[in-house]
Amino acid sequence: MRRAVQVVLTALCCALLVACGSRPSEEKVWAEPQLATPPQYRIVDGDPRGASLVRAAREWVALGTVPGAGTEWESMGRWALMDLHQAMSGLDSGKAPAAGAALQWDYFWPRDGAFIALALDRTGHSEEAGAIVDFLARLPFDPKKGFDARYLLTGERVVDVPRGPQSDGCGWVLWALGSLSPAALPPSADELRSRCLTNLLQLTWSGWRLPPPSPDYWEIWVSETSLGTVAPMVAGLRATADRGPSAERWAAGQAAKRLTERVFSSMGPSLERFGDRGGLDAAIAMMMPPFGPDDPRTTKRWLAYQREAIRTSGGLAPGVGWKQDGTSWTPETALVAYTAAAVGRHETAEHWLDWLDSHRTPWGSLPEKVNRSGQPAGPAPLLWTAALVLLTLDELEAP
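One structure accompanies this document, and this report is about it.

About the thresholds
- Residues numbered from 1 in each chain as written.
- Predicted model: local features only at pLDDT ≥ 70, side-chain atom pairs only at ≥ 80, totals over all residues.
- Heavy atoms only, no water.
- Helix = DSSP H or I, 4+ residues; strand = E, 2+ residues; numbered from the N terminus.
- Rg over C-alpha atoms; globule rule 2.2 N^0.38 Å.
- Areas by Shrake-Rupley, 256 points an atom, 1.4 Å probe, with all protein chains shown as cover.
- Lys, Arg positive; Asp, Glu negative; His and termini not counted.
- Charge placed at Lys NZ, Arg CZ, Asp CG, Glu CD.
- Pairing = 2+ DSSP bridges.
- 1 Å grid on protein atoms, 1.4 Å probe; cavity = no way out; pocket = protein on both sides within 12 Å on 5 of 7 lines; lining within 4 Å.
- Points joined across faces, edges and corners; volume = space filled by probe spheres on them.
- Phe/Tyr/Trp six-rings, centres within 6.5 Å; stacked < 30°, edge-to-face > 60°.
- Buried < 20%, exposed > 50% of the residue type's maximum accessible area, 1.4 Å probe, protein only.
- Lys NZ or Arg CZ within 6 Å of the ring centre and 35° of its normal.
- Expected span 1.5 Å × (residues − 1).
- Arc of directions from axis to C-beta.
- Contact = heavy atoms within 4.5 Å.
- Core = buried A, V, L, I, M, F, W, Y, C linked by side-chain atoms within 4.5 Å.

This part takes up the overall build of the protein. What the protein contains, in helices and strands, is 13 helices and three strands. For the protein, the C-alpha radius of gyration of 23 Å lies close to 21 Å, the compact-globule estimate for 399 residues. Oriented by its inertia axes, the alpha-carbon framework of the protein measures out at about 90 × 60 × 45 Å. When the accessible surface of the protein is split by element, carbon and sulfur atoms take 56% of a total near 17700 Å². For the protein, the distance from the average position of its 39 positive side-chain charges to the average position of its 45 negative side-chain charges is 7 Å.

Backbone-to-backbone hydrogen bonds pair the strands of a sheet. The strands run either parallel or antiparallel. Pairing is antiparallel across the open sheet formed by three strands, whose spatial order is 1-2-3. At either end of the open sheet lies a strand with only one pairing partner, and these are strand 1 (328-329) and strand 3 (376-377). Bridging between strand 2 (residues 369-370) and strand 3 involves two bridges; their strand directions are antiparallel. Counterpart to K369 in the pairing with strand 3 is A377.

Turning our eyes to something else, we now look at empty space enclosed by the protein. The method is simple in principle: a probe with the dimensions of a water molecule rolls over the atoms, and the space it marks as empty is what remains. Here the structure, examined in full by the defined rule, presents two cavities of 30 Å³ or more. There is about 60 Å³ of room inside the largest cavity. If you go around the largest cavity, the residues you meet are W109, P110, R111, F147, D148, A149, Q166, D168, G169 and E219. Space inside the second largest cavity adds up to approximately 40 Å³. Along its surface, the second largest cavity is lined by A114, A117, V133, L136, V173, A176, L177, L180 and L192.

The description of two aromatic rings rests on the distance between their centres and on the angle between their planes. The tally for this structure, following the rule as stated, stands at 13 aromatic pairs. Each ring, one from F108 and one from F135, has its centre 5.0 Å from the other, and the planes form 75 degrees; the classification is edge-to-face. Placement of the pair is F108 in the loop between helix 3 (74-87) and helix 4 (110-122) and F135 in helix 5 (residues 126-138), with a sequence separation of 27 residues. With relative accessibility at 2%, the residue F135 sits in the buried group. By way of ring pairs, the aromatic residues F115, W172, W175, F291, Y338 and W384 are connected into one cluster. Above the face of the W218 ring, R273 is positioned so that its terminal group lies 3.8 Å from the ring centre. Here the guanidinium or amino end of R297 rests over the ring plane of F264, the centre of that ring lying 3.7 Å away.

Its 13 residues place the ends of helix 2 (residues 51-63) 19 Å apart at the C-alpha level, agreeing with the 18 Å of an ideal helix rising 1.5 Å per residue. Among the residues of helix 2, V54, A57, W60 and V61 are the ones counted as buried. What you see down the axis of helix 2 is that its buried residues fit within an arc of 125 degrees, all on one side. Turned more than 90 degrees off the buried face of helix 2, the exposed positions are A62 and L63. Elements in contact with the buried residues of helix 2: helix 3, helix 4 and helix 5.

Look at helix 3: 20 Å from first C-alpha to last across 14 residues, which is about the 20 Å you get at 1.5 Å a residue. Along its buried surface, helix 3 packs onto helix 2, helix 4, helix 12 (346-358) and helix 13 (383-397).

On to the nonpolar core. Side chains that are nonpolar tend, in soluble globular proteins, to be buried together. Counting residues in hydrophobic clusters, the biggest one holds 111 residues, and the most contacted among them are F115, F147, W175, L192 and L227. A per-element tally of this core places helix 13 first, with ten residues. Not counting residues within four places of it along the chain, the set of residues in contact with F115 comprises W172, W175, F291, W384, A387, L388 and L391.

What follows is the structure, encoded as structure tokens:
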């Protein structure tokens, strides 16, 4: 009986200590992400199964240019192009490239497609870039809300786990259309541009207000408008105003000017995820050149994001408020490198390129993540990162 009483009293005391906070709480230990791509993804030289595929890929790369050729990043640029080529193997039959080399990433994101198309165009593969634009023009589209977050590689909507519309898509598509060379713009580009411009003008009341809340590149539901939603819209409107058809330039330019002012009045000067809260995130880079104007208010916060979002593995998290698991994300890191190159901060761009280069997989691909132990994780390659690295290297070579 005494033993039973002692056990009950001990349990009661422990419960009281925990309730009163006398015992230190344990820190949450996050599981480290691992590679989601099998090693046999890359067909290497000497493999009798794929010698012709390797040869065809190398010949395709040679038809264009390799950004970073002659520098320490040439290998990274060359393999990024090889990865784009391998992912586009189904393009001739109407299938889009998958976002990443792993089952859960076997979908097409309009955002990724915009960056891939521009990377292809800048490296001398305008025909393939035009095919991506054609695919974007055929996707199911909600006139009031825009593109879905992602689609099947055949272009149909994802019905098993619907994510719904994600209104940053038209911003990215307009930005790409305004940045592509004429050779990369198929006839379908005109209707696609007009449709996306109408969508953004409606969502923002021609720039007079912020768009309604929508998931952004974090791909989670939000109840407030995030900078990650509105910044690509500004980029798309600006690109259309600068390089779109004359009939659409004025409306796009006025909307871009008003929407930029609305962003700074409603979300500045903090320019965090939700204006004055949520912490800085990579969306601040989407306000920098080549997406937005070279503005000291933006640059100040862009520099702060790099200081505050760095992780123990050396790269950047999607945002300061992202989970503190030590994992770095390569697309956000590459996005900062690209904007650094565009604004002339070459040392910053080269720093992040060095980090990306040193954390590739053994087969040369750029992964989605780098875990806290410094190992590649997630799908490898991730095509958004590959495209961003190519654009960064191309930007560094620009006069």
